[in-house]
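Structure assessment
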Amino acid sequence: MMSRRNYAQEDGTSRRLIMVLAAVAVGVLVVAYLVFSIRVASNEARQVAQTGGATGRIGTQVTQVEPVTGVRGQVPESAGQPLAGSSDPASGLTSAEDARAAAEAALVQATQEAQSAQAARERALANLERARAAEERALTEANLARAAEEQALTEANSSRRAEERARAEAEQAWAAEEQAKAAADQARAEEEEARAAEEQARAAADQARAGEEQARAAADQARVSEQQAKAEADRAQAAESEARQRAERAAAASTEAKGLQLAAQADSILSASNEPDSVEQAAALAVEAWRRHPTSGAYQAALTSLRQLPVMRVEAGSVLSTVAFGPDGSRLAAGGVDGAVRLLSASGETIARIEQDGAIGALAFSRDGTRLATGSEDGTLLVSDSATGEEIARIKQEAGVSALAFSPDGTRLASGSWEGATRLIDGTTGEEIAQIEQAAGVSALAFNRDGTRLASGGGDGTVRLVDATGQEVARIDLGAAVHSLAFSPDGARLASGSDDGRLLLSDSATGDEIARIDEQGAGISAVAFSSDGGRVASAAGDGTVRLLDAVGKEIIRIEQGAGVSALAFSPDGTRLATSGEDGTLLLSDSATGDEIARIEHGAAVWDLAFSPDGSRLVTGSEDGIIRLFDATDGGLARIDHDEAVWVLAFSPDGTHVASGSVDGAVLLSDSASGDEIARIGHEGAVSALAFSPDGTRLATGSWDGTVRLSDGTTGDEIARIDQGEAVWVLAFSPDGQRVASGSVDGTLRLSDSITGNEIARIEQDGAISALAFSPDGTALAAAGEDGTVRLLSVAGTQIARIVHEAGVYTLAFSPDGTRLASGSWDGTARLSDSTTGEEIASIAHGAEVYTLAFSPDGTRLATGSEDGTARLSDSATGDEIARIEQGAGVYSLAFSPDGTRLATGSEDGTALVSDSATGDEIARFEQDGAVWGLAFSPDGARLASGSQEGMVRIVPAVPERTFAQLCTERAGRNLTRNEWRRYIGEGEDWQPTCPEWRMSEEAGARAEAPESGGDAATVIR
């Protein structure tokens, strides 16, 4: 239904429509009036025009004079008529003239009026035109008004109909309004009820609001309490975190302390005893110490253990009297007093067990390694297949077998017995060829190199020399029982030692005495020639080992400490192994007698042998254990010069090391073994050397004024450069095509590195003390004693100049070539821009800077000084990163290839390996003189150091590898549970230190109850 408001709106619309229609009607009336007015004006104008035309026509007629009138357009009634009373002709003439004049005047006036009428007509016509135009516009507007009127009428009719509809709807709305009023009354009643309910709800809301206020207050209080609790929790968490950090620091400190303690205990155990069990225990403690806190002490204990622990350990369960390697080193044999010969692989696995009825007195492999001869106390001689242990021949003698030897071609086997007979036997069939009688038991046998002579030494004090058929050729009388014999490698000489301490060198063809040495105070138990025949070693019961030259002159004496039971030269002759009745195995340098390693067995060592390649040494001892040792000193190598070693370098592939000495010698050596490959002789101290980048050439500079260019693998001379004065420094260009050398007279020479031909020469004042090529080879830095560093192009043009206040003795370009570091005796190291020479930073030491180097990534610069420190600095800013306190002047340093370690060598003979990020010490090596040179191998695994004492040492430089090698390549044992509790403590559960080692329960049982060992051969790793 339509509401009253809607009806009022409809009613207003109708009224507005009526007003619009009324306005339209009024507009129509106004337009009609205007049209009418225009028409009236138009008619008037037309009449005026017509009147004006008639007047013009009258004015043009000259036959009729218009009388003068007072009013335009009106003619007097007397016009044209004669004048009354005028009869006189003269007067008539006068009157006529007057009339003519009046007519002419009237004519003029009429003409003027006609002209005015013409103008009025034209104006009227113009007005008419304008009126017509206005009329047309009025008509147009009238038409528009009429159309608007019609539209208004249409709309009025529509409005009228709408008004009627609206009125009907209004009536309906009024009816609805009445109904609404009734509903409103009802709603009002309901509203009153709702208002009452609302009042009640408001009262309830007020109560709720009060409760809400109370709840809000409680919530605020709870929030405050929560904040306080949170603050307390934060404080508790902070305290807990701090406590955790303290606990972690305490745990770290405890772990560090435990690591230091274990390292000290390992060192203490090794210092107190070299007994096998002690070394095994110390090795386990060293590993445990390193895992907890890496220290130099733990590393040193590991290195010592690495040298002293065997590579393989086999428990034979019986005293071992003799051991030998097969010729190819793949097998070894050990004979025991239990009558068993154990045939083992090089890794310790049992190949076969050969049983005999008496203690094994001797054994020998044939030269081709296919047969093994063994002799026992019961007089049985067996020839067995060395691959399977199967018996080939069995020979029965009347007395125990005391000595065995195969001829070099393997066709004959000599067997000596305690009854004094030596039998020459066919080596394949076992048939006897000849028998040589002596008055007492035979204790030693030896064939010469070509097998034409056999020497036998006996208890009767004689040595019999026989030919291949057994016929005696010569007899040598020593006067006391002979227990040791050895032919020189060329077979020309025979060394024999007797019980009364006499050593004879004899001609092996005639038996004539060459030399006699009577100075040993006890019986000689063993003799041996070096591989080159230039030295002979003899061992005596008083614990003395003598090294003699080819004519018997003593060169070196080694004190073993107890009776020496066996000795052997390594195949290359560089090392001498000796074993004593006190269980000591000593490995010595055969040139100097210096101890390389000392290994305790815990029981007398009766026999030993080197593997054919010299890398392994096997021992048989009274404790019934076969031990196989690394004979290369646990990865260590040593090179000896006669005087201080000033310079050294690894070849780019790491296989060779070159060292130069004050003695004028450059030694090119095998970097793994230290064996000499070539010797380059200068006539003055060797002050500089360098390998070419490809390793094919070696340049050496000397105080003799020459630079030698030699083949980098053979040492053969390629070219020689005559510098004229002492050469102090040299360097290869990065492409290896040029070598720069600087001398004491200030001459800088650039030469072709293949021909030695001079390319350029640059003269400057004062000695040239340091040289360095830029990485791209376009620039060369040369420093002098005058404190000046000159940056030169390779053509010799000066690019920049850097000036120190004292001599500069060390230079280095950064790996990217943008910076140059220079170290001076003014106590500073400077970082300079390599193109401008401008200073970037200065590092101040308290004394002369001797050495410096950039890390491989160029981010750090290491400097060593007389102030006893090595500094690690940021190479961009010069800011100090770490400081290493060496304790004495730092003369040399080197970064490992990966940049993680820094080696420093000092005046007191200490070489340190430190963490290059923190400066923490990783390892420490002691030498007897100042360390002048240091170099890492290209793979970073080894470190070479050259010292004032004239020795180059090559040592493992990656401790992690050493510890891994200790666990995987040495036969150690894990701690027993009792040892674990003693050293590690109850807080940590027992676990194996090295899973590769024997488990502690078994090892512990063996260590704590050695008598429980059985007969079975057991390999322990």
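Our subject in this report is the structure included herewith. Residue positions within a chain follow its written sequence, with the count starting from 1. Only residues with pLDDT of at least 70 get local features here, since the model is predicted, and only at 80 or more are side-chain atom pairs given and counted; chain-wide, interface and lining totals rely on the full set of residues. Processing note: side-chain calculations cover all non-hydrogen atoms of the structure and skip hydrogens and water entirely.

Quick look at the overall build of the protein chain
Stated formally: By definition, any uninterrupted DSSP run of H or I lasting at least four residues is a helix, any uninterrupted run of E lasting at least two residues is a strand, and each is numbered from the N terminus. Whether a residue is buried, partly exposed or exposed follows from its accessible area with a 1.4 Å probe, protein chains only, as a fraction of its type maximum: under 20%, in between, or over 50%, in that order. Contacts are residue-level and defined by heavy atoms, with any inter-residue pair within 4.5 Å sufficient. Throughout, the Shrake-Rupley method with a 1.4 Å probe supplies accessible areas, and for residues the shown protein chains are the sole cover considered.
Looking only at helices and strands, one finds seven helices and 65 strands in the protein chain. A buried classification covers 51% of the 1021 residues belonging to the protein chain. Pairs at least 24 apart in sequence give 44% of the contacts found in the protein chain among residues at least 6 apart. Carbon and sulfur atoms make up 49% of the accessible area of the protein chain, which totals about 45,600 Å².

Concerning the state of the cysteines
Formally: Throughout, disulfides are identified as pairs of cysteine sulfur atoms within 2.5 Å of each other.
The final tally for this structure, using the stated rule, is one disulfide. Here C967 pairs with C994 through a disulfide, and the sulfurs are 1.8 Å apart. Here the residue C967 occupies a position in helix α5 (residues 959-969), and C994 occupies one in the loop between α6 (977-983) and α7 (1000-1008), the gap between them amounting to 27 residues. Taking the relative accessible area as the measure of exposure, C967 reaches 7% and is therefore buried.

As for the pattern of salt bridges
Our working rule: Any Lys or Arg side-chain nitrogen found within 4 Å of a carboxyl oxygen on Asp or Glu counts as a salt bridge.
Taken as a whole, this structure holds 54 salt bridges when the rule is applied. The closest approach of N and O atoms between D338 and R353, which form a salt bridge, is 3.8 Å. Of this pair, D338 sits in the loop between β3 (331-336) and β4 (340-345) while R353 sits in strand β5 (residues 350-355), placing them 15 residues apart in sequence. For R353, a relative accessible area of 38% gives the class partly exposed. Within the structure, one salt-bridge network assembled from shared partners comprises D277, E280, R313, R973 and E979.

Notes on the pairing of strand β6 (residues 360-365)
For a regular strand, the rule is simple: side chains alternate between the two faces of the sheet. As a reminder, the rule being used: Pairing between strands is defined by DSSP: at least two bridges between them are needed.
Most of β6 sits inside the fold, with five of its six residues counted as buried. Where β6 and strand β7 (residues 371-376) come together, five bridges link them in antiparallel fashion. Residue F365 lies in a different strand from β7, and its bridge partner there is L372. Between the end of β6 and the start of β7, which pair antiparallel, lie five residues, with G369 showing a positive phi angle near 80 degrees.

Let's talk about α5
Every buried residue of α5 is listed here: P959, T962, F963, Q965, L966 and C967. Against α3 (276-292), α4 (296-308), β32 (625-630), β61 (921-926) and β64 (951-956) lie the buried residues of α5.

So, the pairing of strand β58 (residues 890-895)
With respect to burial, β58 is a largely interior element, six of its six residues being buried. If you look at the hairpin formed by β58 and strand β59 (residues 901-906), you'll find five residues sitting between the two strands, and G899 has a positive phi there, around 75 degrees.

Considering the side chain of R331
Definition in use: The charge count treats Lys and Arg as positive and Asp and Glu as negative. His and the chain ends do not count.
You can see R331 is positioned in strand β3. For the buried R331, no salt bridge exists, and the shortest N-O distance to an oppositely charged side chain is 4.6 Å, to D328. Not counting residues up to four positions away in its chain, the partners in contact with R331 are A324, F325, G326, L344, S345, I351, G369, S386 and A387.

Concerning the environment of T869
Let me state the cut-off plainly: The definition of a polar contact used here is a pair of N or O atoms within 3.5 Å, where within protein one atom must be able to donate a hydrogen and the other to accept one, and adjacent residues in sequence count solely through side-chain atom pairs.
In this structure, T869 sits in strand β56 (residues 869-874). Residue class for T869 comes out buried when judged on its relative accessible area of 4%. Sequence-wise, T869 and T904 are 35 residues apart; in three dimensions their C-alpha atoms are separated by 9.4 Å. The residues contacting T869, other than those within four sequence positions of it, are H845, T863, G864, R883, I884, E885 and V890. Only 3.1 Å separates the side chain of T869 from the side chain of R871, close enough to count as a polar contact.

With respect to the side chain of R292
Relative to the helices and strands, R292 is located in helix α3. With a relative accessible area of 16%, R292 lands in the buried category. In this structure the side chain of R292 is engaged in a polar contact, spanning 2.7 Å, whose partner is the side chain of E988. Every residue in contact with R292, bar those within four places of it in the chain, is listed here: T255, K258, G259, L262, W980, I984 and E988.

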